[in-house]
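# Residue-level structure breakdown
Spelled out, the chains give:
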Amino acid sequence: GALEPRVTVLLDPDWASGSLVDDVRRGLGGRPRRLPPKWLYDDVGARLFDEITRLPEYYPTEAERAILAAHADEIAAACDAATLVELGSGTSDKTRTLLDAFRSAERPHGPLRRFVPVDVSDATLRQAAVMLSERYPGMAVEAVVGDFTLHLGHLPRGDRRLVAFLGSTIGNFYVEERRAFLGALADSLDPGEWLLLGTDLVKDVDRLVAAYDDSAGVTEAFIRNCLTVVNRELGADFDPGAFSYAPLWDARMERIDMRLRAEEPSVVRVPGADLVVELATGEELCVEISTKFRPEGIAAELADAGFGVTHTWTDPAGDFALTLARR
Ligand code: AVJ
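Structure report, in brief. Note that this is a predicted model, so its numbers are computed, not measured. (Residues numbered from 1 in each chain as written. Predicted model: local features only at pLDDT ≥ 70, side-chain atom pairs only at ≥ 80, totals over all residues.)

### Structural notes on the overall build of the chain
- Across its full length, the chain carries nine helices and 14 strands.
- Whereas a compact globule of 327 residues would reach a radius of gyration of roughly 20 Å, the chain reaches 20 Å, a difference of no more than 12%.
- Its C-alpha atoms put the chain at 65 × 40 × 35 Å along the principal axes.
- Taking all 327 residues of the chain together, the buried fraction comes to 43%. (Helix = DSSP H or I, 4+ residues; strand = E, 2+ residues; numbered from the N terminus. Rg over C-alpha atoms; globule rule 2.2 N^0.38 Å. Buried ≥ 20, exposed ≤ 12 C-beta atoms within 10 Å, placed from the backbone.)

Following this line, the structure appears as structure tokens:
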């Protein structure tokens, strides 16, 4: 029968007492003004992101899903993992394709024994954990409410792990953060353990921009929601209507840069972070970047961190890549 899912909470459920304060102080206090994207995923934000993945302009989710549908059996056969850890698992929607392949009786290494979904969104994770333990009886689900930039060292060990980091979430890191993250990930794994990395690839600029500036305005609402989060959690008085959404393609860094621009001068109080921010008209908050990759670059960055690439798969259009690498 179904095993009860286990949920370990590593993240302080009260964001305001945790790293949000530090992030806001450092980010909003500095130049350029930044807010880290992990704070976009409160319950409203998680729902908006889910909506983004179904937008006609937002191709990455479908492209990655297509790669998984075509190659999950190969992935499951190529690596001998008995535990799958998924960082930023969300609803674990796409992961089901992987789990089906890893649980298949035909898999040469035997069925996967354990799934460890890791996500900051407590409610989303708990729902996914219950659903997954019902769907995969005999597989242990050990969910972790945590932050993959802080808690890599606290993941369950042993049992030959494969860490999946899908959706091109790695594209949200600035280049120096990405380097630190990949290094920390390699350090947290034992030699012979695996990484499956999803990355969105550089392509036609018009398609890239449209994917982050959709005609229905869902991405704009998603990015703007960060102001509501800071208002609620830290008692700030941002007027979301005083900002316009200003996404741009940074050709040098090969990334979409999602910003909010102040349309009028304002003084914003953030009592929870003991901060007052003065914004002139035209000043921008950098809320999220979405870096796009090239296959050579991915292999080089992985090698730098101590991983060796064993396989790369792309969708037929070459929009997105899944890379399997070994520590
Ligand atoms: C899930 C973080 C990869 O960068 O494409 C989508 C987030 N932000 N639209 C991305 C996002 C705006 C998404 N990631």
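### Things to note about the pairing of strand E6 (residues 161-165)
- With respect to burial, E6 is a largely interior element, five of its five residues being buried.
- Examined bridge by bridge, strand E3 (residues 83-87) and E6 share four bridges and lie parallel to one another. For glutamate 86, the partnering residue across the bridge sits in E6 and is alanine 164.
- At this point the chain moves from E6, through helix H6 (residues 175-188), to the parallel strand E7 (residues 194-200), and the crossover so formed is right-handed. (Pairing = 2+ DSSP bridges. Right-handed = clockwise from strand over helix to strand, strands pointing away.)

### A short note on the sheet that holds E6
- In spatial order, the strands read E1-E5-E4-E3-E6-E7-E14-E13; together these eight strands make up an open sheet with mixed pairing. With partners counted over all chains shown, the strands left at the sheet margins are strand E1 (6-9) and strand E13 (308-314), one partner each. Each adjacent strand pair in this sheet contributes to an overall mean axis angle of 15°, direction not counted. (Axes fitted to C-alpha atoms, helices over the stretch in contact; angles between N-to-C directions.)

### Focus: the site of the ligand
- Every residue lining the ligand is accounted for by Ile52, Pro60, Gly167, Ser168, Thr169, Gly171, Asn172, Tyr212, Thr219, Phe222, Glu288 and Ser290.
- Looking at the shell around the ligand, the elements with two or more residues in it are helix H8 (218-234) and strand E12 (284-291).
- Its residues assigned to classes, the shell around the ligand shows four nonpolar, seven polar and one charged. (Near = placed C-beta within 6 Å. Nonpolar A, V, L, I, M, F, W, Y, C, P; charged D, E, K, R; others polar.)

### A look at the packing of helix H2 (residues 43-52) against H8
- Closest axis-to-axis distance for the H2/H8 pair is 9 Å, and the angle between their directions is 155°. Taken together, the axis directions place H2 and H8 in an arrangement best described as roughly antiparallel. Viewed along their axes, H2 and H8 form a crossing whose handedness is left-handed. Where H2 abuts H8, its residues Val44, Gly45, Leu48, Phe49, Glu51 and Ile52 lie against Val218, Thr219, Ala221, Phe222 and Asn225.
- Grouping the constituent residues of the contact of H2 with H8 by class yields seven nonpolar, three polar and one charged. (Parallel < 35°, antiparallel > 145°, perpendicular 65-115°, else oblique. Left-handed = near helix turned anticlockwise from the far one by under 90°. Contact = placed C-beta atoms within 7 Å.)

### Points about the environment of arginine 179
- Counting through the fold element by element, arginine 179 comes out in helix H6.
- Among the residues examined, arginine 179 registers 14 C-beta atoms within 10 Å and is labelled partly exposed.

### Some words on the pairing of E13
- Both E13 and strand E14 (residues 320-326) contribute to a ladder of six bridges, which runs antiparallel. In the sheet register, histidine 311 faces E14, and the bridge partner there is leucine 324.
- The turn linking E13 back onto E14 is made up of five residues, and glycine 318 within it adopts a positive phi angle of 75°.

### Description of the sheet that holds strand E8 (residues 243-250)
- Sheet architecture is open: four strands sit in the order E2-E12-E9-E8, paired in mixed fashion. Both outer strands of the open sheet, strand E2 (33-34) and E8, are each paired with one neighbouring strand and no more.
- Pairing of E2 with E12, which is carried by two bridges, proceeds in the parallel orientation. If you follow arginine 34 over to E12, its bridge partner there is cysteine 286.
- Across the sheet, H8 lies against E8, strand E9 (255-262) and E12, angled at about 120° from E8, the strand it touches most.

### Let's talk about the packing of H6 against helix H9 (residues 295-305)
- In contact at an axis separation of 8 Å, H6 and H9 are set at 50° when each is read in the N-to-C sense. Relative to H9, H6 is oriented oblique. The handedness of the crossing between H6 and H9 comes out as right-handed. Residue-level inspection shows Leu182, Gly183 and Ala186 of H6 in contact with H9, the latter providing Glu301, Leu302 and Ala305.

### Some words on unusual backbone geometry
- Residues arginine 31 and proline 32 are joined by a peptide bond in cis, for which omega reads -10°.
- Mapped onto the elements, proline 32 comes out in the loop between helix H1 (19-29) and E2.
- In the Ramachandran plot, serine 168 falls in the positive-phi region, its phi being about 60° despite a non-glycine side chain.
- The residue serine 168 is located in the loop between E6 and H6 in this model.

### A closer look at the environment of aspartate 14
- Inspection of the secondary structure puts aspartate 14 in the loop between E1 and H1.
- When the C-alpha atoms of aspartate 14 and glutamate 233 are compared, they prove to be 8.5 Å apart, with 219 residues separating the residues in sequence.

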